[in-house]
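Coordinate inspection notes
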Amino acid sequence: MIYTRQREAIFRTCFVEVIILARESGLKLELSDTPVQSLVPEPLRAAASAEEFMQQLPQYDKDMAKQLQDAEDAGEVLRYVGVVDVINQKGLVELRRYKKDHPFAQLSGSDNIIAFTTARYKNQPLIVRGPGAGAQVTAGGIFSDVLRLASYLGAPS
């Protein structure tokens, strides 16, 4: 199961949503079990103030610009995604590259998207996409979709 949000900078929200999805899928993941690739460069994490952070931030623009250009040169986009791997019982949050025709590359505005890869949806994952509506509404909608899918796939109710 892969989940992405259009606004990649909100990695904490993505992280929490991965944990929620993992737990609803039956995994016993804790926050400490889930690696998160921060988009904030390591030296900036210790900035003493917002002003210091903003002053130092431009020196890291080249790194992100290179990642963006490399993706563009390959006909891809960058997306910050959360992954729940039920088989290997792990979750992670990271920046990934996707071809421009991939559903994750098609997001706009505050859209959210989830791709379910299952035994029945192995070659073409089931895609659930919709507008983000805040943490509670989004989590409720995802939970509802997961329950509906589980029922469809034959899970006991």
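Thresholds, definitions, all that
The numbering scheme is per chain: residues are counted from 1 as the chain's sequence reads. This being a predicted model, a pLDDT of at least 70 is required before a residue's local features are given, and a value of 80 or more before pairs of side-chain atoms are given or counted; all residues contribute to the totals for chains, interfaces and linings. Here the side-chain values reflect all heavy atoms present in the structure, with hydrogen atoms and water set aside. Numbering of helices and strands runs from the N terminus, with a helix taken as a DSSP run of H or I at least four residues long and a strand as a DSSP run of E at least two residues long. With a 1.4 Å probe rolled over the protein chains alone, any residue whose accessible area is under 20% of its type maximum counts as buried; one over 50% counts as exposed, and the rest are partly exposed. Two residues qualify as a contact provided that any one of their heavy atoms is within 4.5 Å of a heavy atom in the partner residue. Residues belong to a common nonpolar core when they are buried Ala, Val, Leu, Ile, Met, Phe, Trp, Tyr or Cys residues joined through side-chain atoms within 4.5 Å. Polar contacts, as counted here, are pairs of nitrogen or oxygen atoms within 3.5 Å of one another; within protein the pair requires one atom able to donate a hydrogen and one able to accept it, and residues that are adjacent in sequence qualify only if both atoms are side-chain atoms. At least two DSSP bridges between two strands are required for those strands to pair. The rule is short: rings of Phe, Tyr and Trp, with Trp giving its six-membered ring, pair when the centres are within 6.5 Å, and they are stacked under 30 degrees, edge-to-face over 60, tilted in between. For salt bridges, the criterion is a side-chain nitrogen of Lys or Arg within 4 Å of an Asp or Glu carboxyl oxygen. Multiplying 1.5 Å by the residue count of a helix minus one yields the expected span of that helix. pLDDT is defined as a per-residue confidence score from the predictor, taking values between 0 and 100.

What follows covers the overall build of the protein. Secondary structure summary: the protein contains four helices and five strands in total. Written out in order from the N terminus, the α and β elements of the protein read β-α-α-α-β-β-β-β-α. Burial analysis of the protein (157 residues in total) assigns 29% to the buried set. Excluding contacts between residues fewer than 6 apart, the proportion of contacts in the protein whose partners are at least 24 apart in sequence is 53%.

We now examine the nonpolar core. Core analysis: the biggest nonpolar cluster contains 19 residues, and Leu21, Val84 and Val93 have the highest contact counts within it. Ranked by the residues each element gives to this core, the list is headed by helix H1 (residues 11-24), at six residues.

Looking at where Arg79 falls in the secondary structure, it is placed in strand E2 (residues 76-85). Of note is the side chain of Arg79, whose polar atom sits 3.3 Å from the backbone oxygen of Ala105.

The next thing to look at is the pairing of strand E3 (residues 90-99). Here 10 bridges tie E2 to E3, and the two strands are oriented antiparallel to one another. Looking across to E3, one finds that Val77 is bridged to Tyr98.

For the rest of this paragraph, the subject is the packing of aromatic side chains. The geometry of two aromatic rings is summed up by the distance between their centres and the angle between their planes. Per the stated rule, a full pass over the model turns up one aromatic pair. For the ring pair Tyr98 and Phe104, a centre distance of 5.1 Å and an interplane angle of 65° mean the geometry is edge-to-face. Tyr98 sits in the buried class, given a relative accessible area of 9%. Assessed through its relative accessible area of 1%, Phe104 is described here as buried.

Taken as a whole and assessed by the stated rule, the structure comprises nine salt bridges. For Lys100, the salt bridge identified is with Glu72, shortest N-O distance 2.8 Å. Taken as a pair, Lys100 in the loop between E3 and strand E4 (111-116) and Glu72 in helix H3 (residues 61-73) lie far apart in primary sequence, 28 residues in all. Taking relative accessible area as the criterion, Lys100 reaches 39% and is therefore assigned partly exposed. Here Glu76 makes a salt bridge to Lys99, at a shortest N to O gap of 3.9 Å. Residue Glu76 is found in strand E2, and its partner Lys99 is found in strand E3; the two are separated by 23 residues along the sequence.

By the element assignment, Leu149 lies in helix H4 (residues 135-152). For Leu149, a relative accessible area of 11% puts it in the buried group. For the pair Leu149 and Phe116, spaced 33 residues apart in sequence, the C-alpha separation works out to 9.5 Å. Beyond its immediate chain neighbours, meaning those up to four positions away, Leu149 contacts Phe116, Tyr121 and Leu126.

The next subject is H3. The terminal C-alpha atoms of H3, which comprises 13 residues, lie 18 Å apart, in line with the 18 Å expected from a rise of 1.5 Å per residue. One or two residues past the end of H3 sits Gly75, with phi positive at roughly 75°.

What follows is about the confidence of the model for the protein. The predicted model of the protein averages 84 in pLDDT, with 89% of residues at 70 or higher. Mean pLDDT in the protein bottoms out at strand E1 (residues 2-5), which sits at 44, and peaks at H3, which reaches 94. Of the regions scoring below 50 in pLDDT, residues 1-9 engages in 53 contacts with residues more than four places distant in sequence or in other chains.

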